[in-house]
Amino acid sequence: MTQATSKPRNADTARLSDALPNETLLKWLYDMQLIREFEARTMQMYQQAKIGGFCHIYSGQEASAVGCTAAVNHDDPIVLAYRDHGHALARGMHPAACMAEMFGKLAGCAKGKGGSMHMFDKPNWLFGGHGIVSAQTPLGTGLAFACRYQWEVMETAKKRVCLTFLGDGAIDQGAFHEAQNLASVFGIPVIYIIENNGYSMGTAIHRHTANCDRLTMRGESYGIKSIEVDGLDIRNVYDQMKPLVDECRDLQRPGFVDLKTYRYQGHSMSDPQKYRTKDEVESFKERDSIANLAAHLMAQEDDGGRGCLTEDDWNTMQKDIRQIVMDAVAFAEQAADPDPEKELSTDTYALPMKNLSPSENYSHGTKNPLL
Amino acid sequence: MAKLTLVQAINQALDHEMTRDERVVILGEDVGPNGGVFRVTDGLAAKHGNHRVQNTPLDESGIIGAAIGLAVAGMRPIAELQFEGFMGPAYDQIVNHAARYRNRTRGTITVPLTIRVPVGGGIHAPELHSDSPEAIYTHSPGLKVVMPCTPYDAKGLLLSAIRDPDPVIFFEPKRVYRSFREEVPEEDYTIPIGEAKVISDGDDLTVVTWGASVFECLEAIDNLPDDVSIELIDLRTIDPIDIDCIAQSVQKTGRCVVVHEAPRTAGLGAEISALVQEHCFLHLEAPVQRVTGFDTVMPYYKLELEYLPDAERIGKGIAECLAY
């Protein structure tokens, strides 16, 4: 097993995250627990057929979304694959808007049109979940290209970077190779974060990609600075991501991150998971990112911890979060369904035109004088 | 007023819009110093800089994907694909992403992207360099599709396309690129997307076509007896189809022939036939006739002219429709 191998750390080395205030780390804990709880309810709602289509659960990978988001600014755009609820919440999307989206309700972040795989939140610079594996990678390159152009040519923005997330299954697609090549040749500040959970749907990484122990060679071969990150420890994610983000922002160059993580649930809700053992899943749960961060915050400073969280605080936080997510579900339940008269024919075009379907009269046939 | 070819008119429109709007950037294979495979972007890199006229690797998926990213970030990208066959590698980005972004995000994110693509046969090239895939993209909600065939229309429609907030596929009939010149004003003007043009008035039969076929139709009409009066419509925009213009004409003539280069089955001729029977059923004197390419792969140049609808086949189609 090559996943999430922890590198030995020199205890004397100061960690970047050690300099952050307690509030920041407590917020990380809150955000990760919010995602964990949200996904637990999402599974329930899916099983009750309240959520349509396909649903990909993020549980286990929380340290990636929260840690990476912590390393960038709010106006640095983020592009996602389809396992995207966690990033949406980490970016600040309201859980009710996220849940309502999956319920197909008008109050969803995209008025219930996108669903689980298509979380968008423009005010939070979240440019979407994408349902086609790897198709988002050249798009992230283009967004970052715009960031550089708007800084360098138009002088309308400061230096920004674009985080583009993809799974380890997506690295096998041609689009990703085109994206990396473009980014390096043009000098584009995009950071590709491979959330390497060890499986391309139901196929283990050593069966789906060559040289899987050294994915960073892929990025390096395109002249892209590439790092490997233990993605189960959020403090480590921040410690390694922050300098990379700063460097890519400063130099306006791309980055490549093999972020080793693990998903507790199947690829999607309909995955029988015949490709792995329960023991394997349990072994990763022993290194759970949320439990570890909570333990660190509760441990006293003498023991290398922060001593800023009591058992009671932690229980209260979990209880509050449980309520927030239950409220999100209740909100999604009672929210209005889309009106077919309005919603079937709107929003496909920014500039609708006569004879352009869908128009207000979205069936051409109704114009037939014989009908 | 200068007389320009189609290539020169498009070049002038690009130059004009790059000067007017700093958000406009061009991406494509060899579009920089070389000016692209058909030299349409000639001189633009020298004038506006290589950073605005970006030579890309040979990666259509990457080009269109990056152009979508630029568009959603508020830029006005223009992507050039060298040939219509090369839309294949970019199909995912065009149809699954560019076309659907606005709907998927319920109007919060739009894709103001123009994709320029040389299209059609008649230059002795093989398949993938001579195809006519306009129906495929017309069948994909979220895109607008235009195909002007004259220099004047090309400049006006390209400026409309670049300024349009939606993704527009701008097909350029490569057979017409340098085949003739006409007067093109230097100043800013636009031709609205979605408006067809009646090229010649007539009372006996309506011919609907677009792209390079317009000129074959003109020749076919020229060969007809003087007492036959044909109304010729150049669609100019494929999607949205100007059915009002077609219906007005067919309600007058009662007969309609559709001419296109693409294969017949499920081509745009089928859609136009359906629209005509919806709008003109009680006026029709004859079934709508289709004169099209055959249901096969575009042949290499020895058989190219057999495949493309020429004046003779179009004339025959008109005669059959008139005689029904």
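Cut-offs used in this document
- Residues numbered from 1 in each chain as written.
- Chains lettered and ligands numbered in written order.
- Predicted model: local features only at pLDDT ≥ 70, side-chain atom pairs only at ≥ 80, totals over all residues.
- Heavy atoms only, no water.
- Helix = DSSP H or I, 4+ residues; strand = E, 2+ residues; numbered from the N terminus.
- Rg over C-alpha atoms; globule rule 2.2 N^0.38 Å.
- Buried < 20%, exposed > 50% of the residue type's maximum accessible area, 1.4 Å probe, protein only.
- Contact = heavy atoms within 4.5 Å.
- Areas by Shrake-Rupley, 256 points an atom, 1.4 Å probe, with all protein chains shown as cover.
- Phe/Tyr/Trp six-rings, centres within 6.5 Å; stacked < 30°, edge-to-face > 60°.
- Lys NZ or Arg CZ within 6 Å of the ring centre and 35° of its normal.
- Pairing = 2+ DSSP bridges.
- Axes fitted to C-alpha atoms, helices over the stretch in contact; angles between N-to-C directions.
- pLDDT = per-residue confidence, 0-100.
- Domains from an automatic or database assignment.
- Buried area = accessible area lost by both parts, 1.4 Å probe.
- Salt bridge = Lys/Arg side-chain N within 4 Å of Asp/Glu carboxyl O.
- Polar contact = N/O pair within 3.5 Å; in protein donor to acceptor, adjacent residues only side chain to side chain.
- Nonpolar A, V, L, I, M, F, W, Y, C, P; charged D, E, K, R; others polar.
- Right-handed = clockwise from strand over helix to strand, strands pointing away.
- Lys, Arg positive; Asp, Glu negative; His and termini not counted.

Would you take a moment to explain the overall build of chain B for this structure?
The secondary structure content of chain B amounts to 12 helices and 14 strands. Against the compact-globule benchmark of 20 Å for 324 residues, chain B has a radius of gyration of 19 Å, which places it among compact chains. In terms of overall dimensions, chain B has C-alpha extents of about 60 × 40 × 40 Å along its principal axes. When the 324 residues of chain B are sorted by exposure, 64% land in the buried category. In chain B, of all internal contacts separated by at least 6 residues, the share reaching a separation of at least 24 is 81%. Surface accessibility of chain B: about 11,400 Å² in total, with carbon and sulfur atoms responsible for 49%.

Looking at this structure, I do not really get the packing of aromatic side chains. What am I missing?
Aromatic ring pairs are described here by two measures, namely the spacing of the ring centres and the angle between the planes. All chains considered together, the criterion is met by 16 aromatic pairs over all chains. Summarising the aromatic geometry, the rings of Phe 83 of chain B and Phe 86 of chain B are spaced 5.4 Å apart at their centres and angled 65° between planes, so their arrangement reads as edge-to-face. Both rings, one in Tyr 300 of chain B and one in Tyr 301 of chain B, keep their centres 4.8 Å apart while their planes meet at 85°; by these two values the pair is edge-to-face. Since its relative accessible area comes to 33%, Tyr 301 of chain B is described here as partly exposed. Three or more aromatic residues link up through ring pairs in this structure, and these residues are Phe 38, Phe 83, Phe 86 and Tyr 177 of chain B. Over the ring of Tyr 264 of chain A we find Lys 285 of chain A; its NZ or CZ atom is 5.2 Å from the centre of that ring.

Please explain the sheet that holds strand β1 (residues 78-79) of chain A as it appears in this structure.
By definition, the strands of a sheet pair up through backbone hydrogen bonds, in either a parallel or an antiparallel sense. Residues and elements named next belong to chain A. Spatially, β1-β2-β3-β7-β6 is the arrangement adopted by the five strands of the open sheet, whose pairing is parallel. A strand with exactly one partner marks an edge of an open sheet, and here the two such strands are β1 and β6 (225-230). Set on the sheet, helix α5 (residues 136-152) makes contact with β1, β2 (162-167) and β3 (190-196); between it and β2 the angle comes to about 175°. Relative to the sheet, helix α9 (residues 234-251) contacts β3, β6 and β7 (255-260), its axis offset from that of β6 by approximately 165°.

What's the story with the confidence of the model for chain A in this structure? I'm lost.
Any segment with low pLDDT has predicted coordinates that should not be analysed in fine detail. Residues and elements named next belong to chain A. Taken residue by residue, chain A gives an average pLDDT of 92. The fraction at 70 or more is 93%. Considering only residues more than four positions removed or in separate chains, one finds that residues 5-9, a stretch of pLDDT under 50, has seven contacts. Taken together, the stretch residues 362-371 has pLDDT below 50 and engages in 17 contacts with residues farther than four places along the chain or on a different chain.

In this structure, what is going on with the side chain of Thr 5 of chain B? I would like to understand it.
Residues and elements named next belong to chain B. Mapped onto the secondary structure, Thr 5 falls in the loop between β1 (3-4) and α1 (6-20). You can call Thr 5 buried: its relative accessible area is 6%. Aside from chain neighbours lying at most four places away, what touches Thr 5 is Pro 151, Tyr 177, Arg 178, Phe 180 and Arg 181.

What am I meant to see in the domain arrangement of chain B here?
Quoted interface sizes are often the accessible area lost when the parts come together. Residues and elements named next belong to chain B. Domain parsing of chain B yields domain 1 (3-183) and domain 2 (197-323). For domain 1 and domain 2, the distance between their C-alpha centres works out to 26 Å. Listed by partner, the interface residues are 28 residues for domain 1 and 25 residues for domain 2. In this assembly, domain 1 packs against domain 2 so that about 2,100 Å² is buried in total across both faces, 58% of it on carbon and sulfur atoms.

Just checking my understanding: could you explain the interface of chain A and chain B for this structure?
Contact residues are listed per partner, giving 44 residues for chain A and 57 residues for chain B. Joining chain A to chain B, the criterion identifies three salt bridges. At the boundary of chain A with chain B, the tally comes to 23 residue pairs in polar contact (both at pLDDT 80 or more). Counting only elements with at least two residues in the side of chain A that touches chain B, the list comes to α5 and α6 (174-186) of chain A. In the side of chain A that touches chain B, the residues fall into 24 nonpolar, 12 polar and eight charged.

What is the right way to look at the sheet that holds strand β9 (residues 197-200) of chain B in this model?
Residues and elements named next belong to chain B. A sheet is described by the order of its strands in space; here five strands give the open sequence β9-β11-β10-β13-β14, paired in mixed fashion. The open sheet has two edge strands, β9 and β14 (289-293), and neither has a second partner. Strand after strand, the sheet turns through a mean of 25° between neighbouring axes, direction not considered. Two strands pair when backbone bridges link them, and β9 and strand β11 (residues 230-234) are joined in this way by three bridges, in the antiparallel orientation.

Just checking my understanding: could you explain the domain arrangement of chain A for this structure?
Residue and element names in this part refer to chain A. Examined at the domain level, chain A breaks down into domain 1 (3-338) and domain 2 (339-371). Each of domain 1 and domain 2 has a C-alpha centre, and the two are 38 Å apart. With four residues of domain 1 at the interface, the matching set in domain 2 holds four residues. Roughly 280 Å² is buried in total at the junction of domain 1 and domain 2, and carbon and sulfur atoms are behind 47% of that figure. Of all residues in domain 1, Leu 106, Lys 111 and Pro 338 bury the most surface against domain 2, accounting for 86% of the area lost on that side. Summed over the shared surface of domain 1 and domain 2, the result is zero residue pairs in polar contact (both at pLDDT 80 or more).

Would you mind showing me how to read the confidence of the model for chain B here?
On average, residues of chain B carry a pLDDT of 97, and 100% of them reach 70 or more. Interface confidence in the predicted complex, given as ipTM, is 0.90; pTM for the same model is 0.93.

Looking at this structure, I do not really get the pairing of strand β10 (residues 205-209) of chain B. What am I missing?
Side-chain direction in a regular strand flips from residue to residue, so the side chains alternate between the two faces of the sheet. Residue and element names in this part refer to chain B. Of all five residues in β10, five are buried, a share of seventy percent or more. Burial along β10 is two-sided: Leu 205, Val 207 and Thr 209 facing one way and Thr 206 and Val 208 facing the other are all buried. Sheet topology places β10 next to β11; five bridges connect them, and they run parallel. Residue pairing in the sheet places Val 207 in a bridge with Leu 232 of β11. Between the parallel pair β10 and β11, the chain is carried across by helix α8 (residues 213-222), and the sense of this crossover is right-handed.

I would appreciate a short explanation of the environment of Asp 164 of chain B in the present structure.
Positionally, Asp 164 of chain B belongs in the loop between α7 (151-163) and β7 (168-173). A residue is classified by how much of its surface remains accessible, and Asp 164 of chain B, at 3% relative accessible area, is buried. Residues Asp 164 of chain B and Phe 281 of chain B, 117 residues apart in the sequence, show an inter-C-alpha distance of 34 Å. With near-sequence residues (within four places) excluded, Asp 164 of chain B lies in contact with Leu 351 and Met 353 of chain A together with Pro 112, Lys 144 and Ile 193 of chain B.

Looking at this structure, how should I read the side chain of Arg 76 of chain B?
In this fold, Arg 76 of chain B is placed in strand β4 (residues 76-80). Lacking a salt bridge, the buried Arg 76 of chain B has Asp 21 of chain B as its closest oppositely charged neighbour, with an N-O distance of 5.0 Å.

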